[in-house]
Amino acid sequence: MTSPRRSRDVTGLVSAAREGDPRAVARLVSLVEDGDPCLPEIAATLAPYTGQSQVIGLTGSPGVGKSTLTNELVRAYRGEGKRVGVLAVDPSSPFTGGAILGDRVRMQDHALDPGVYIRSMSSRGHLGGLSAATPQAVRVLEGAGCDVVLVETVGVGQAEVEVASLADTTLVLLAPGMGDAIQAVKAGILEIADIFVVNKADRDGADITYRDIQGMIALGERGSDEWRPQVVRAVAAQAQGVDDVVAAIGKHRAWLAEHDQLQARRERRAAAEVENIALGTLRARMGGLRHGEALPALAAEVAAGRLDPYAAAGRLLEGIGAE
Ligand SMILES: Nc1nc2c(ncn2[C@@H]2O[C@H](COP(=O)(O)OP(=O)(O)OP(=O)(O)O)[C@@H](O)[C@H]2O)c(=O)[nH]1
Ligand SMILES: [Mg+2]
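Given the structure is predicted, the values throughout are model-derived calculations rather than measurements. Here the residue numbering is sequential within each chain, running from 1 through the sequence in written order. Just so you know, chain letters begin at A and ligand numbers begin at 1, following the order they were written in. Only residues with pLDDT of at least 70 are given local features in this predicted model, and only at 80 or more are side-chain atom pairs given and counted; all residues enter the totals for whole chains, interfaces and linings. Derived side-chain values reflect all non-hydrogen atoms in the structure, with water molecules and hydrogen atoms excluded from consideration.

Moving on to the overall build of the chain. Counting secondary structure elements, the chain contains 14 helices and 7 strands. Only protein chains enter the area calculation, which uses a 1.4 Å probe; residues under 20% of their type maximum are buried, those over 50% are exposed, and those in between are partly exposed. Looking at the chain as a whole, 46% of its 323 residues are labelled buried. The contact criterion used throughout is that any non-hydrogen atoms of two residues lie within 4.5 Å. Contacts in the chain between residues at least 24 apart in sequence constitute 76% of all its contacts with a sequence separation of at least 6. On the chain, roughly 15,800 Å² of surface is accessible, and the fraction owed to carbon and sulfur atoms is 53%. Elements are defined by DSSP. Helices are runs of H or I of four residues or more, strands are runs of E of two residues or more, and each kind is numbered from the N terminus. All accessibility values rest on the Shrake-Rupley procedure with a 1.4 Å probe; residue burial counts only the protein chains present in the view.

Here is the structure:
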């Protein structure tokens, strides 16, 4: 499938990453981001080392304080002696843009800490987009020995919901005066939030936001065996409320474990991952067909009334081994 030279590179890169070489980690994430042909090999080489990390998602509107809180969470988990990986994901842009630069600045505190990997990621190149690339990048960080992986995603819609749902625990950040509580419900975020953080609680209106979101949670229907989202206040910029956020994450994790949900979530995550990869492969093959001979030939038959479109589609699928 791949040349011996390349396969040697992947093995070498993975073992360097496992030994904590940040350049190897960065290179692997870049290969993932670019949708490199050696991705299957990377995934296969990493597989034995994955599935152990705690994955925490942070999402919310631009500027709500995700990176600032991430920076504080990194500090908290480092204080517990854990290795921490951070992925800052921007689904709104195929390029690494200004927001990500801001993230870099906000997370500078940990730039020189060998126990921390910080990577920003865009969707360039990867077949299934960010929702397919992100879990692979998480695997790289897991493989590199991160106990905790924090995934920051800008809140812009469906892609972000998909990325956030990759996490064991998903934090949705709100800030006063942004009309966020209402928007959160619109975007379907209420369903994915395990913990709401009302950040910028130093600003006017924090109490209203807090009450709004509590009200919405109270309205939501859930069984007695379902997790009730927690709401925590924070001033990330002053490192206030970070302990409460860490405690809420711990509580949620304990709840997941108690209710056999940790494994269930991971299996759901794996199912979505496999589906994404399969769809990506199919899409690529379909794309290839468009430039081949089979589709125009079948189309001519259909147009002439000699073949019905369902039968033609069936033959097309046979041709790419998808039936
Ligand atoms: N007043 C106040 N400002 C805060 C707080 N937390 C963060 N900020 C400020 O809000 C601005 C945006 O913070 P970021 O952490 O970059 O927000 P973000 O959600 O990561 O932003 P994007 O990645 O661009 O979506 C910065 O100027 C922070 O200093 C807070 O608790 N209170
Ligand atoms: Mg940010």
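Turning our eyes to something else, we now look at helix H11 (residues 242-258). A helix's residues, less one, multiplied by 1.5 Å, set its expected span. For H11, built from 17 residues, the straight-helix expectation of 24 Å at 1.5 Å per residue is met to within 8% by its first-to-last C-alpha distance of 24 Å. For H11, every residue scored as buried is listed here: Val242, Val245, Val246, Ala248, Ile249, His252, Trp255 and Leu256. Looking at the buried positions of H11, the neighbouring elements they touch are strand S1 (54-60), helix H4 (66-79), strand S5 (169-174), strand S6 (195-198), strand S7 (230-233) and helix H12 (261-290). Downstream of H11 by one or two residues, Asp260 has phi in the positive range, about 55°.

The subject of this paragraph is the packing of helix H13 (residues 294-303) against helix H14 (residues 309-319). The convention used is that axes are lines fitted to C-alpha atoms, helices contributing only their stretch in contact, and that angles between N-to-C directions extend from 0 to 180 degrees. Where H13 meets H14, the closest approach of the two axes is 10 Å, and the angle between their N-to-C directions is 165°. Overall, the two elements H13 and H14 adopt an arrangement that is roughly antiparallel. As H13 runs across H14, the sense of the crossing is right-handed. Where H13 approaches H14, its residues Ala294, Leu295, Leu298 and Val302 are matched on the opposing element by Pro309, Ala312, Arg315 and Leu316. Side-chain classes are defined by residue name, with Ala, Val, Leu, Ile, Met, Phe, Trp, Tyr, Cys and Pro counting as nonpolar, Asp, Glu, Lys and Arg as charged, and the others, Gly among them, as polar. Looking at the contact of H13 with H14 residue by residue, the class counts come to 7 nonpolar, no polar and 1 charged. The labels follow the angle: roughly parallel below 35 degrees, roughly antiparallel above 145, roughly perpendicular from 65 to 115, and oblique for the rest. The sense of a crossing depends on the near helix, which, turned anticlockwise from the far helix by less than a right angle, makes the crossing left-handed and, turned clockwise, makes it right-handed.

Turning our eyes to something else, we now look at the pattern of salt bridges. The rule for a salt bridge is simple: a side-chain nitrogen of Lys or Arg has to be within 4 Å of a carboxyl oxygen of Asp or Glu. All chains considered together, the criterion is met by 12 salt bridges. The residue Arg253 makes a salt bridge to Asp168 at a minimum N-O spacing of 3.7 Å. Separated by 85 residues along the polypeptide, Arg253 in helix H11 and Asp168 in the loop between helix H7 (158-164) and S5 bring together distant segments of the chain. The class for Arg253 is partly exposed, based on a relative accessible area of 24%. In this structure, a network of salt bridges that share partners links the residues Asp168, Arg253, Arg266 and Arg269.

Next up on the list: the side chain of Glu273. Note that Glu273 resides in helix H12. Glu273 sits in the buried class, given a relative accessible area of 10%. When neighbours within four sequence positions are excluded, Glu273 is seen to be in contact with Pro135, Gln136 and Arg139.

We call a set of buried residues a nonpolar core when its members are Ala, Val, Leu, Ile, Met, Phe, Trp, Tyr or Cys and they connect through side-chain atoms within 4.5 Å of each other. In this structure, Val25, Leu28 and Leu87 are the most contacted members of the largest nonpolar core, which totals 29 residues. Within the residue set of this core, elements represented by two or more residues are helix H1 (4-18), helix H2 (22-33), helix H3 (39-46), strand S2 (84-89), strand S3 (116-121), helix H6 (130-143) and strand S4 (148-154). Ranked by residue count, the leading element in this core is H2, at 6 residues. When neighbours within four sequence positions are excluded, Val25 is seen to be in contact with Ala17, Tyr117, Val140, Leu141 and Ala144. Counting 25 residues, the second-largest nonpolar core is a separate cluster that includes Leu73, Val116, Val148 and Ala236.

Moving on to the pairing of S3. Here S3 lies mainly inside the structure; 5 of its 6 residues are buried. Note that S2 and S3 share 6 bridges and pair parallel. Along S3, the bridge assignment pairs Val89 with Met121. Following DSSP output, two strands are said to pair if at least two bridges run between them.

It is worth spelling out the packing of aromatic side chains at this point. Between rings of Phe, Tyr and Trp, where Trp is taken as its six-membered ring, a pair exists when centres lie within 6.5 Å; planes separated by under 30 degrees are stacked, by over 60 edge-to-face, and by other angles tilted. Scanning the model with the defined rule gives 1 aromatic pair in all. In this scheme, Lys NZ or Arg CZ marks a charge over a ring once it lies within 6 Å of the ring centre and within 35 degrees of the ring normal. Over the ring of Tyr49 we find Arg18, and its NZ or CZ is 3.7 Å from the ring centre. The ring centre of Tyr210 lies 3.8 Å from the NZ or CZ of Arg233, which sits over that ring.

Sheet architecture is open: 7 strands sit in the order S3-S2-S4-S1-S5-S6-S7, paired in parallel fashion. Of all strands in the sheet, those with a lone pairing partner are S3 and S7, marking the two edges. In this sheet, neighbouring strand axes are inclined to one another by 20° on average, regardless of whether the strands run parallel or antiparallel. Packed on one face of the sheet, H4 meets S1, S2, S3, S4, S5 and S6 and runs near 175° to S4.

With 12 residues, H2 should reach 16 Å at 1.5 Å per residue; the first-to-last C-alpha distance of 16 Å fits that figure. Every buried residue of H2 is listed here: Ala24, Val25, Leu28, Val29, Ser30, Leu31, Val32 and Glu33. Side-chain atoms alone can form a polar contact between residues adjacent in sequence; in general such a contact is a pair of N or O atoms within 3.5 Å, and within protein one must be able to donate a hydrogen while the other accepts it. Sitting at the head of H2, Asp21 places a side-chain oxygen 2.9 Å from the backbone nitrogen of Arg23. Phi for Gly35, located one or two positions after H2, is positive at around 65°.

Let's shift gears to unusual backbone geometry. Phi at Lys200 takes a positive value of approximately 60°, unusual for a residue other than glycine. In this fold, Lys200 is placed in the loop between S6 and helix H10 (206-219). Here Lys200 falls in the partly exposed class, since its relative accessible area comes to 21%. Phi angles above zero are rare outside glycine, and Asp260 is one such case at about 55°. With respect to the helices and strands, the residue Asp260 is situated in the loop between H11 and H12.

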